[in-house]
Amino acid sequence: MTGGSKGIGRAISLALAEKGADVIVNYSANDDAAKGVVLEIEAMGRKAAAIKADVSDTAQVEDMFGRIRKDPGRLDILVNNAGIIRDKLLMFMNEEDWNRVIDINLKGVYNCCKTAIRFMIGEKYGKIVNMVSPSAILGRAGQTNYASSKGGVISFTRSLAQEIARFNVCVNAVSPGLIETEMMDNLTEETKKELLSAVPIGRLGTPEEVTGAVLFLASDRSDYITGQVISVDGGLT
Amino acid sequence: MEDRNELISRLKTLIIESLQLEDIEPSDIGEDEPLFGNGLGLDSIDALELVVALEKEFGIIIPDEEVGKEAFASLNALTDFVQREKKDLS
């Protein structure tokens, strides 16, 4: 579970554990938050470990998977959730804003999948779920970098799905729309109303509605589904 | 050091088992024939499975397509490759 220490990533980590998974919680910065998630998972009776790694750094990702190879020695599910936003109108978006978002959001998926599939092809079983965004499908002013990165992840998902389907490894994506998170709580009521006006269902989604889609794609019930994007966005796209 | 014939035999078993070639016998795999393309009817994506199997069985990593092409040129080429890599590892 990359980016598993907070927000939707934390919710997914806990949901996977509730369903019986042992979880490696990857994070990039907040040691305490990651340890907190590990403790919550252990309290459920599952095993968990936190591994700090910047997913855009190939060496750190290889090191992380090297540790997973030693213990627990297997990998059944990979959820690529690590991602950042650096919204700016293009004219004012510097190279650092562009590169960092592409590196973490897209290259991070490349780095993690490239190593994870060695486990999964060997086991002839695997589930990869990549978290994307409605911005990739609709576009959004101020998010040329973010939308591009997530659009890239969608294309990557579809291509990798075709490459490794024969090994019983499914690769899919989940696109959460406007979800009740801390980020949403910080918006003004006016901004929330404006955003919600584009959502046919007319409300924010819950983290459980997102985790539901991820759990489905991580389970045996989706064994005939690969290369797909499930949008959990109340009809936004 | 493993005898070359023993290694060839082991590799034939590895190829058949990892690629699940149910209708192929070890004697069907020619030592100088390409492993991929003609012959066994395997493609480049099937090669991924053999890459992973080699890593699991021998601890040998095939890092890129160029090394893979050379190693998988034939069973003899693969045997040479494994012997070389095993020597480097020990």
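Read on for a plain summary of the structure. In this text, all values refer to a predicted model and were calculated from it rather than measured experimentally.

## Remarks on the overall build of chain B
Along its length, chain B carries four helices and zero strands. Ordering the α and β elements of chain B from the N terminus gives α-α-α-α. A compact globule built from 90 residues would reach a C-alpha radius of gyration of about 12 Å, and chain B, at 12 Å, matches this within 12%. Seen through its C-alpha atoms, chain B measures out along the principal axes to roughly 35 × 25 × 20 Å. Evaluated residue by residue, chain B yields a buried proportion of 46% over its 90 residues. Taking as baseline every contact in chain B between residues at least 6 positions apart, the subset at least 24 positions apart corresponds to 59%. Taken as a whole, chain B presents about 5,200 Å² of accessible surface, with 47% of it coming from carbon and sulfur. For chain B, the distance from the average site of its 8 positive side-chain charges to the average site of its 23 negative ones is 7 Å.

## Looking at the packing of helix α4 (residues 95-123) of chain A against helix α2 (residues 44-58) of chain B
Closest axis-to-axis distance for the α4 of chain A/α2 of chain B pair is 9 Å, and the angle between their directions is 95°. Comparing the axis directions of α4 of chain A and α2 of chain B gives the class roughly perpendicular. Contacts between α4 of chain A and α2 of chain B involve Arg-118, Ile-121, Gly-122 and Glu-123 of chain A from the first element and Leu-48, Glu-49, Val-51, Val-52, Glu-55 and Lys-56 of chain B from the second.

## Quick notes on the interface of chain B and chain A
For an interface, size is often stated in terms of accessible area lost upon the parts coming together. On the side of chain A, 10 residues touch chain B, which itself brings 13 residues to the contact. Of the roughly 990 Å² buried where chain B meets chain A, counting both sides, 50% is carbon and sulfur surface. Three residues, Ile-45, Glu-49 and Val-52 of chain B, lead the burial of chain B against chain A; their summed loss comes to 47% of the area buried on that side. Run the count over chain B and chain A and you get six salt bridges. Between Arg-166 of chain A and Asp-46 of chain B there is a salt bridge whose closest N-O contact spans 2.9 Å. Sorting elements by how many residues they give to the side of chain B that touches chain A places α2 of chain B first, with eight residues. Within the side of chain B that touches chain A, the residues separate by chemical class into six nonpolar, two polar and five charged.

## So, a negative patch on the surface
There is a patch of like negative charges on the surface, built from Glu-180, Glu-182, Asp-185 and Glu-208 of chain A. Secondary-structure assignment places Glu-182 of chain A in helix α7 (residues 182-185).

## As for the layout of surface pockets
Size it by volume and the second largest pocket reaches roughly 1,200 Å³. For the lining of the second largest pocket, the elements supplying multiple residues, two or more each, are α3 (58-70), α4 and α6 (144-164) of chain A together with α2 and α3 (65-71) of chain B. With nine residues, α4 of chain A is the single largest residue contributor to the lining of the second largest pocket. Split by residue class, the lining of the second largest pocket holds 20 nonpolar, seven polar and 10 charged.

## Considerations on the pairing of strand β2 (residues 48-52) of chain A
Direction of pairing for strand β1 (residues 23-27) of chain A relative to β2 of chain A: parallel, over a ladder of five bridges. Note on β2 of chain A: the bridge partner recorded for Tyr-27 of chain A is Lys-52 of chain A.

Rules of the game
- Residues numbered from 1 in each chain as written.
- Chains lettered and ligands numbered in written order.
- Predicted model: local features only at pLDDT ≥ 70, side-chain atom pairs only at ≥ 80, totals over all residues.
- Heavy atoms only, no water.
- Helix = DSSP H or I, 4+ residues; strand = E, 2+ residues; numbered from the N terminus.
- Rg over C-alpha atoms; globule rule 2.2 N^0.38 Å.
- Buried < 20%, exposed > 50% of the residue type's maximum accessible area, 1.4 Å probe, protein only.
- Contact = heavy atoms within 4.5 Å.
- Areas by Shrake-Rupley, 256 points an atom, 1.4 Å probe, with all protein chains shown as cover.
- Lys, Arg positive; Asp, Glu negative; His and termini not counted.
- Charge placed at Lys NZ, Arg CZ, Asp CG, Glu CD.
- Axes fitted to C-alpha atoms, helices over the stretch in contact; angles between N-to-C directions.
- Parallel < 35°, antiparallel > 145°, perpendicular 65-115°, else oblique.
- Buried area = accessible area lost by both parts, 1.4 Å probe.
- Salt bridge = Lys/Arg side-chain N within 4 Å of Asp/Glu carboxyl O.
- Nonpolar A, V, L, I, M, F, W, Y, C, P; charged D, E, K, R; others polar.
- Patch = residues over 30% accessible without salt bridge, like charges linked within 9 Å, V, L, I, M, F, W, Y side chains within 5 Å.
- 1 Å grid on protein atoms, 1.4 Å probe; cavity = no way out; pocket = protein on both sides within 12 Å on 5 of 7 lines; lining within 4 Å.
- Points joined across faces, edges and corners; volume = space filled by probe spheres on them.
- Pairing = 2+ DSSP bridges.

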